[in-house]
Amino acid sequence: MRKGLLSLALISGFSYCTEPAKEKNEKAALEIQDNQIEALKVNEEFSLAVIDSVFEFQEYINATKFRLSENTKNLDDIKSEFKSDKSKIMLAFEGEVFKLNKKNLELKSRVNDSLKYQNGLEDPYFTELDKEIGILESSITDLRKRSE
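All values derive from a computational prediction rather than experimental measurement.

1. Digging into the overall build of the protein chain
And step 1. When you go through the protein chain residue by residue, the secondary structure sums to 3 helices and 0 strands.
And step 2. Sequence-ordered secondary structure for the protein chain, helices as α and strands as β, is α-α-α.
And step 3. For the protein chain, the computed accessible surface area is about 11500 Å², with 59% contributed by carbon and sulfur atoms.

What follows is the structure, encoded as structure tokens:
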């Protein structure tokens with residue numbers, strides 16, 4: 001009887017020892033699953049941020065190209081509207097229009113090359129580009145006022 005009781009105690013003890021290990025394995029499996037779900041969420045958020053960034057960049061490029069094409073149109077309008085009887089004045093005016101057109105073309109080229117800049121719109125390259133386009137637009141506005 002004593003041996004039977006001892007055997008029963010040993011069997012009960014072993015089954016008790018395996019139960020916590022089983023629970024630990026299940027908890028670990030659940031933690032792994034939770035971590036995988038969390039990693040998928042983080043990856044999805046990152047992907048959405050990248051998509052937003054690409055969309056924002058494309059919007060910026062499109063808006064900048066539109067501004068530069070408007071500059072070309074404005075310079076063509078100014079040139080066609082300007083009339084002067086004096087050839088010196090006409091030459092000086094055409095020279096100024098030529099310089100502004102040249103600067104506009106240079107800025108268009110820089111916009112087309114902007115894909116090299118992977119740091120996003122916070123890159124100083126884009127700040128400087130916006131500043132130069134603003135100066136060009138002001139120069140075109142001033143030229144229009146002087147030509148009227």
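2. With respect to the packing of aromatic side chains
Each aromatic ring pair is summarised here by two numbers: the centre-to-centre distance and the angle between the ring planes.
And step 1. A full pass over the atoms with the stated rule returns 3 aromatic pairs.
And step 2. With a centroid separation of 5.4 Å and 85° between ring planes, the pair formed by Tyr60 and Phe126 is classed as edge-to-face. On the criterion of sequence distance, the pair formed by Tyr60 in helix 1 (residues 2-81) and Phe126 in helix 3 (residues 124-147) is long-range, its members being 66 residues apart.
And step 3. With relative accessibility at 13%, the residue Tyr60 sits in the buried group.
And step 4. Where Tyr125 meets Phe126, the ring centres are 5.2 Å apart and the plane angle is 90°; that geometry is what we call edge-to-face.
And step 5. Relative accessible area serves as the criterion here: at 13%, Tyr125 is assigned to the buried category.
And step 6. Feature note: the residues Phe57, Tyr60, Tyr125 and Phe126 constitute an aromatic cluster, connected by ring pairs.

3. Some thoughts on the nonpolar core
Where a protein is soluble and globular, its nonpolar side chains tend to be buried together.
And step 1. Membership of the largest hydrophobic core comes to 19 residues, with the highest contact counts inside it found for Phe93, Leu100, Leu107, Phe126, Leu129, Ile140 and Leu143.
And step 2. Elements with a minimum of two residues in this core: helix 1, helix 2 (87-112) and helix 3.
And step 3. If you tally residues by element for this core, the top one is helix 3, at 7 residues.
And step 4. Sequence-distant contacts of Leu107, that is, excluding residues within four places in its chain, are made with Leu68, Leu129, Glu132, Ile133 and Leu136.

Conventions adopted
Residues numbered from 1 in each chain as written. Predicted model: local features only at pLDDT ≥ 70, side-chain atom pairs only at ≥ 80, totals over all residues. Heavy atoms only, no water. Helix = DSSP H or I, 4+ residues; strand = E, 2+ residues; numbered from the N terminus. Areas by Shrake-Rupley, 256 points an atom, 1.4 Å probe, with all protein chains shown as cover. Phe/Tyr/Trp six-rings, centres within 6.5 Å; stacked < 30°, edge-to-face > 60°. Buried < 20%, exposed > 50% of the residue type's maximum accessible area, 1.4 Å probe, protein only. Core = buried A, V, L, I, M, F, W, Y, C linked by side-chain atoms within 4.5 Å. Contact = heavy atoms within 4.5 Å.

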